[in-house]
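# Structural description and commentary
The chain contents come next:
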Amino acid sequence: MIKNIDQLNIQLTSSLFIKPEYKIDAFVSGNKYRKLKYNVMDAENRGFSTVLTFGGAYSNHIAAVAKAGYVKGFKTIGVIRGEELQNSIQNNPTLQFASKMGMRFKFVSRTDYRNKTTSDFINQLKQDFGDFYLIPEGGTNELAVKGCEEILTEEDKAFDFICCPVGTGGTISGLINASGVHQKILGFPALKGDFLQKDIRKFANKSNWELITDYHFDGYAKINTELISFINAFKSQNNMPLDPIYTGKMLFGVFDLMKKGYFSKDAKILAIHTGGLQGIDGMNKLLKKKQMPLIN
Ligand SMILES: *Cc1c(COP(=O)(O)O)cnc(C)c1O
């Protein structure tokens, strides 16, 4: 599964470089590999043969856990938000893939999903499936942050700015912990909301970071034709695909900030391509339904 996880940074312009974490694997991709690495080791060391986690219908995390289980030989269970998905797995590329990798699902209502961390709900899951190692939604916990600290190498200390997309904040926390105090970490949240600051502070050991909240495109998994055009142009110019949920929005933001003069002329910027490309097929199905242009 993993050939070479220290990929060389790719230079795009005189100041902007990309760390191509998406090349780690098509499904255990980018930051999801980093976040799972020590959790999977911990599960193994503690003798668990089953891993259970949570996610939405198109979740990169669900796809990553399913494939990691298939490759490493542990059983996987996905608790999926949305009862209505139960009968339409064949229309959902992510769930179809996860199922092929042997993942078993439990589809739950949005209300139950909101209560997924209560002991009642967890006990019910244990009755349904037996004992399991639990990884939280999005995969963020202390071990995940530790894995994300390995995204940056010693050579990356030469950069002034490190940019990444933000979902639950685990990835940016790892980057902050691995950065030098002379560096600034810019996070581009893929969703609206103010809770992230607090979540990141819980894991991060420095304050050399900032969230740039202008590029969520109205919220999680929301997308418009301007973003689609950007993603398609970026791919044809740089021969590098971007996903519509995270990396597309982050790089749209980075280029916009460059245009607006946010960075000084000689600043060196490293953007982390965190992967997520498995989500393109699912997004294209939705775009097709809405008769919008597709992602190439
Ligand atoms: C999950 C994901 C993120 C968000 O990572 P967090 O650690 O939850 O902030 C960013 N990019 C991609 C491609 C992802 O799949």
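Our subject is the structure that appears above.
These figures come from a predicted structure and were not determined experimentally.

### Re the site of the ligand
Residues in contact with the ligand amount to 16 residues; listed here are only the nearest, Lys32, Lys35, Asn60, Thr168 and Thr274. Contact between the ligand and Asn31: an oxygen atom at 3.0 Å from a side-chain N or O atom of the residue. Between an oxygen atom of the ligand and a side-chain N or O atom of Thr168, the distance comes to 2.6 Å. For the ligand, the protein covers 98% of the area, taking 390 Å² as the surface of the free molecule. Mapped onto the shell around the ligand, the elements with two or more residues apiece are helix 1 (30–45), strand 7 (161–166) and helix 7 (170–178). The element that contributes the greatest number of residues to the shell around the ligand is helix 1, accounting for 3 residues. Here the residues of the shell around the ligand are counted per class, giving 3 nonpolar, 11 polar and 2 charged.

### Details of the sheet that holds strand 3 (residues 50–55)
If you walk across this open sheet you meet the 4 strands as 5-4-3-6, and the pairing is parallel. At either end of the open sheet lies a strand with only one pairing partner, and these are strand 5 (104–108) and strand 6 (133–134).

### Overview of the pairing of strand 4 (residues 75–81)
Counted residue by residue, strand 4 has 5 buried out of 7 residues, so it is predominantly covered. As judged from the 6 bridges shared by strand 3 and strand 4, these two strands associate in the parallel manner. Paired with Thr50 across the two strands is Lys75, which belongs to strand 4. Note on the crossover from strand 3 through helix 2 (residues 60–72) to strand 4: the handedness is right-handed. Bridge count for strand 4 against strand 5 is 5 bridges, and the pairing is parallel. Along strand 5, the bridge assignment pairs Val79 with Lys106. A crossover connection joins strand 4 to the parallel strand 5 through helix 3 (residues 93–100); in handedness this β-α-β unit is right-handed.

### Observations regarding unusual backbone geometry
Among all residues save glycine, negative phi is the norm, and among peptide bonds the norm is trans. The backbone phi angle of Asn239 is positive, close to 55°, even though this residue is not glycine. Mapping Asn239 onto the fold places it in the loop between helix 9 (225–238) and helix 10 (247–259). Among the residues examined, Asn239 registers a relative accessible area of 67% and is labelled exposed. Phi is positive for Gln291, which is not a glycine, with a value near 55°. With respect to the helices, strands and loops of the structure, Gln291 is situated in the segment after helix 11 (279–289). We classify Gln291 as exposed; its relative accessible area is 73%.

### Overview of the packing of aromatic side chains
The full count for this structure, using the stated rule, is 15 aromatic pairs. Centroid distance Phe217 to Phe252: 5.0 Å. Interplanar angle 85°. Geometry classified as edge-to-face. Linking Phe217 in the loop between strand 9 (209–211) and helix 9 with Phe252 in helix 10, this pair joins segments that are 35 residues apart in sequence. Here the aromatic residues Phe188, Tyr215, Phe217, Phe230, Phe234, Phe252 and Phe255 are joined through ring pairs into a cluster of three or more. Positioned over the ring face of Tyr246 is Lys32, at 5.7 Å from the centre of the ring. Of note, Lys146 hangs over the ring of Tyr38, and the distance from its end group to the ring centre comes to 4.3 Å.

Parameters and conventions
Residues numbered from 1 in each chain as written. Predicted model: local features only at pLDDT ≥ 70, side-chain atom pairs only at ≥ 80, totals over all residues. Heavy atoms only, no water. Near = heavy atom within 4 Å. Polar contact = N/O pair within 3.5 Å; in protein donor to acceptor, adjacent residues only side chain to side chain. Areas by Shrake-Rupley, 256 points an atom, 1.4 Å probe, with all protein chains shown as cover. Helix = DSSP H or I, 4+ residues; strand = E, 2+ residues; numbered from the N terminus. Nonpolar A, V, L, I, M, F, W, Y, C, P; charged D, E, K, R; others polar. Pairing = 2+ DSSP bridges. Buried < 20%, exposed > 50% of the residue type's maximum accessible area, 1.4 Å probe, protein only. Right-handed = clockwise from strand over helix to strand, strands pointing away. Phe/Tyr/Trp six-rings, centres within 6.5 Å; stacked < 30°, edge-to-face > 60°. Lys NZ or Arg CZ within 6 Å of the ring centre and 35° of its normal.

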